Each structure stands twice: as structure tokens, then as C-alpha cells.
Protein chains: 2
Amino acid sequence: MDIFKNFLLQTLELPVEDVESCTNGLSHHNFEKNQFIVSPGNISGYAYFVNKGVLRMYSIDTGGKEHIIQFAPEWWILSDRRSTYLNEPSMFYIQAVEDSEVVFIKKGFMEEIIKTYPTSAAKTTMILNRHIMLMQHRVNLLLSATAEERYLDFLTTYPGFINRVPLYMIASYLGITPESLSRVRSELSR
Amino acid sequence: MDIFKNFLLQTLELPVEDVESCTNGLSHHNFEKNQFIVSPGNISGYAYFVNKGVLRMYSIDTGGKEHIIQFAPEWWILSDRRSTYLNEPSMFYIQAVEDSEVVFIKKGFMEEIIKTYPTSAAKTTMILNRHIMLMQHRVNLLLSATAEERYLDFLTTYPGFINRVPLYMIASYLGITPESLSRVRSELSR
DNA sequence: CGAGCGCTTGATTGAGTTCAAAAATCGTGG
DNA sequence: CCACGATTTTTGAACTCAATCAAGCGCTCG
């Protein structure tokens, strides 16, 4: 939980003396590699802050293929917003890619923080805006870039990730098959 | 500007008597069809609330093809978040698809609103969360759905839009060519 | 140490693109 | 209100990038 307290301290700039009380009522859980935090059909009332490890959110299509919407390494927040904020059954799986430690952020937690510390509003909304930025970038890539361009962008946008996540998951994130990614990589190393 | 005041009143639930003063310092502009509000290289310090009309945000790739990241009809807010919040030159065009009336929301405006009216935090962050929802859904579709499935989803997610926006733009939004969309549509009407 | 998982490589297929041109629609001025 | 030029949409044929199917290799970890 200390890592999440640091997040409140450093990123949201809450007063040191209040951080303790803020985290009362928040739970954190450990998940083994491949364990599920959310499955389709669940209603997930939480956003998930990653203390340690990596999570992925993905769907499975009618043909049985996985499609990764998002990865979340340390210090990131992951959530199926539709499920969390509209109380709908999730369409996605959220799963630990490595052994992970995850803080469960109750729906409304962030809004309470803002109400109590209005000066943190800019920081809090910045997290959401940053998330939208990344999604805008991702949509643009999916619309306009080739398999190779997407892979190269991934390498620069998420340096180090290539060593933590199996290639077939990166392929799924990029919207290509593992076979194609393999060919792209061998092309690049020519 | 009255429409934006209604937005503050209804969506953010600000007190009636304060709405007037909140909008001081906000400007609104009219744009003719095809006029540009933002071009690549600009730094856009605003988010754009659509009083009337439709905007689109798009990129042009190295091959000269357009790719629409997002449409924004009435009551929506459109912004290249990267440019607005990180002060970077935009990568995108923002253009009026119809004659449009647009309110320029200064960076920081929403955060000021929250500071002044902390109880609006939930409403304000909900707008951002809703935006993320839509993007998550869009990424999932781009990763997993065929041209036909994307088109059908578009029809249900944005009913009525088909009549306001030329098909070649919808094709660009869906990540397919106008020719493919035409074929999908003739298939569907068999 | 072998069974399963992840990655690579090769051959074939296919959904969607590209290129070209015709048809339909729109809009604007006479 | 109509005509004509421009824009948008459709249709056809050839092509292409990435997917699929299939097989083999090499770890790893149980």
C-alpha cells in the first residue's frame, strides 16, 4: 500500500499527514501470473492501481482470438470504465501478466479526493487526460500505421515492456498475429 | 453561448446564479463548413465545445490519406489532449464538417470549475470517463471487428450521424476505404 | 527429461486496397 | 428552377498485406 500512498503524495500532491486516512477503506490484493481480476459478465466497481507487476485488459472475439485493449504496469490505473461507471457487466478480461500487487480503487474514490482537496483537481483530471491522449494516439496508429510502424511506436512508447510481456501479447495489442510480428521483427533485424 | 450555459447547468449542475459569471472570459466562434479550427503544428490551448454543428479531428498519413480520430456533434467536447495539456504542436486537424458554433474552453477552465464547485467533481470526471469508455470501445472494435461489424456498430452508437456526415468520412472513421464501405452497405441491403 | 508453451518459418488464402472509370448527388450561379 | 461542374458514391478488376494453416524448433519448468 505504501506505493499507492506515494502516488497520492507525489502525483496528486495530497498533504503528507492526510495520506494515511485517505487510504483507509481501500483494499489491496496479490494476484499470481495469469490470475483474473475481472471476467466478462462481472460488474467491476473498481479501478485497479498497479503497485507491482503488469495487468492486461482484453476481449475474446467470436472466433476465440484475444485482443488486448490496454496494458498497465506499475503506477498505472486500469479499469473497464463502462462497467465501473455505468454498472454494466464487463465485456473484458483483466488479468495479471506477472505476479502483481493491485490496489482496488472504489468508484467515487477519486471524486471524494477532489471534493476534500479541491486543489488536486488539476492533477486528478490530468491522469484522465493523459489516458485520453494515449488512446487518441493509439486510435490514430490503428487507423493509419502498418504493422511495422505500430511495432516501432510500441518500442519507443513503452520501452522495456518488450522484455516483460510475451511477444504474442504484444502482437495482440498491436492488432496483428504473432506470426506477423515475428516476420516484422526479423525484417527489422535483417 | 446559451447552449454552453445549459451544459454547465444540466450536465455539471452548477448553480443557476453562477453560470453567467463562469462563462465570462470564454469566447465562441462560428466556423463555416470545411473551415479549420486547428492544424498540425499549431499548439491548441483549448478544448472545443460544440454548440451547433459537427467537428472532426483527423490526421493525414505519409501517403496523403485522412484518418478520422473522432467526430464531435452538438454537446460534445473535442480536443487534441496532447497539444492542449502538454503544450505540444498538434498532430491533427480539427475541422468543421458542417457550419458550426464552437465554444473555446481554455485549458484549466474545468479544473477551476471543480475548485470553485467541488461537488461538481463527479460530473466533470464523468465526462472524461465517458470519453475513455468510448475510446476503449473503439480500440476494441478496431482490433477485433470486420469492416461490416464496425459499420453496424457505428450505426447503433451514433444514430442519425449517417445523414449528417458524408460516407467517405465515416469510412475514414471506421478505418476502411470509401470503396469498401460502399461494398459493405450494398451487401447489407442485398 | 519430456510435455507444453512460445516463437519462427513456409505455403496458401482472403479481406480489404488500389486503380480506374462510370453513375449519382450536390450546390451554385445564371 | 434548371443546368452544369464539382464532389461523392458506386462498380469492376487486379493486387497486396497480413491472416491462416501447418510444421518444426527451442526453451522452461514441473
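This section reports on the structure supplied with the text. (Residues numbered from 1 in each chain as written. Chains lettered and ligands numbered in written order. Predicted model: local features only at pLDDT ≥ 70, side-chain atom pairs only at ≥ 80, totals over all residues.)

Turning our attention to the interface of chain B and chain A. Interface size is commonly expressed as the accessible surface area that is lost when the partners come together. Contact with chain B, which involves 31 residues of that partner, is made by 31 residues of chain A. Of all the secondary structure elements, the ones that give two or more residues to the side of chain B that touches chain A are β5 (66-72), α3 (81-86), α4 (109-116) and α5 (121-144) of chain B. When residues of the side of chain B that touches chain A are assigned to their parent elements, the largest contribution, 17 residues, is made by α5(B). Residues belonging to the side of chain B that touches chain A are distributed by class as follows: 15 nonpolar, 10 polar and 6 charged. (Contact = placed C-beta atoms within 7 Å. Helix = DSSP H or I, 4+ residues; strand = E, 2+ residues; numbered from the N terminus. Nonpolar A, V, L, I, M, F, W, Y, C, P; charged D, E, K, R; others polar.)

In this section: the protein's contact with DNA strand C. Within the structure, DNA strand C sits among 15 residues, and A:Pro166, A:Leu167, A:Ser182, B:Ala147 and B:Ser180 are positioned closest to it. For the surface near DNA strand C, the elements supplying multiple residues, two or more each, are α7 (167-174) and α8 (178-189) of chain A together with α8 (178-189) of chain B. In terms of residue class, the surface near DNA strand C is made up of 6 nonpolar, 5 polar and 4 charged. (Near = placed C-beta within 6 Å.)

Packing of helix α4 (residues 109-116) of chain A against α5(B) brings their axes to within 9 Å, and their N-to-C directions diverge by 135°. Here α4(A) is positioned oblique relative to α5(B), judged by the angle of their axes. Helix-helix and strand crossings are classified by hand; for α4(A) and α5(B) the assignment is right-handed. Of the residues in α5(B), those touching α4(A) at A:Met110, A:Glu111, A:Ile114 and A:Lys115 are B:Ala121, B:Ala122 and B:Thr125. Residue composition of the contact of α4(A) with α5(B), grouped by class: 4 nonpolar, 1 polar and 2 charged. (Axes fitted to C-alpha atoms, helices over the stretch in contact; angles between N-to-C directions. Parallel < 35°, antiparallel > 145°, perpendicular 65-115°, else oblique. Left-handed = near helix turned anticlockwise from the far one by under 90°.)

As a further point, take the relation of the copies chain B and chain A. The operation relating chain B to chain A is a screw motion whose rotation component is 180°, with 0.0 Å of axial translation and a residual RMSD of 0.0 Å. Both chain copies can therefore be described as sitting about a two-fold axis. (Least-squares fit on C-alpha atoms with pLDDT ≥ 70 in both.)

Residue and element names in this part refer to chain A. Two elements in contact, α7 and α8, have axes whose closest approach is 8 Å; the angle formed by their N-to-C orientations is 100°. On the basis of their axis angle, the class for α7 and α8 is roughly perpendicular. Every residue of α8 that contacts α7 at Leu167, Tyr168, Ile170, Ala171 and Leu174 is listed here: Pro178, Ser180 and Leu181.

What follows is about the nonpolar core. Counting 97 residues, the largest nonpolar core has A:Tyr48, A:Leu55, A:Ile94, B:Tyr48, B:Leu55 and B:Ile94 as its most contacted members. Ranked by residue count, the leading element in this core is helix α5 (residues 121-144) of chain A, at 8 residues. (Core = buried A, V, L, I, M, F, W, Y, C linked by C-beta atoms within 7 Å. Buried ≥ 20, exposed ≤ 12 C-beta atoms within 10 Å, placed from the backbone.)

The next subject is the sheet that holds strand β1 (residues 27-31) of chain B. Residue and element names in this part refer to chain B. Pairing is antiparallel across the open sheet formed by 4 strands, whose spatial order is β1-β8-β3-β6. Edge positions in the sheet fall to β1 and β6 (77-78), since each has one partner strand and no second. Two elements, strand β3 (residues 46-52) and strand β8 (residues 100-106), share 6 bridges in a ladder whose sense is antiparallel. Looking across to β8, one finds that Tyr48 is bridged to Phe104. (Pairing = 2+ DSSP bridges.)

Inspection of the secondary structure assignment puts B:Pro118 in the loop between α4 and α5. By the C-beta count within 10 Å, which is 16 here, B:Pro118 ends up partly exposed. Beyond its immediate stretch of four places on either side in the chain, B:Pro118 contacts A:Ile114, A:Lys115 and A:Pro118.

Moving on: the pairing of β8(B). A regular strand places its side chains so that they alternate between the two faces of the sheet. Pairing of β1(B) with β8(B) involves 5 bridges; the strand directions are antiparallel. Bridging from a neighbouring strand, B:His29 pairs with B:Val102 of β8(B).

With that settled, consider the protein's contact with DNA strand D. Within the structure, DNA strand D sits among 15 residues, and A:Thr146, A:Ser180, B:Leu167, B:Tyr168 and B:Ser182 are positioned closest to it. Elements with a minimum of two residues in the surface near DNA strand D: α8 of chain A together with α7 (167-174) and α8 of chain B. Looking at side-chain class alone, the surface near DNA strand D contains 6 nonpolar, 5 polar and 4 charged residues.

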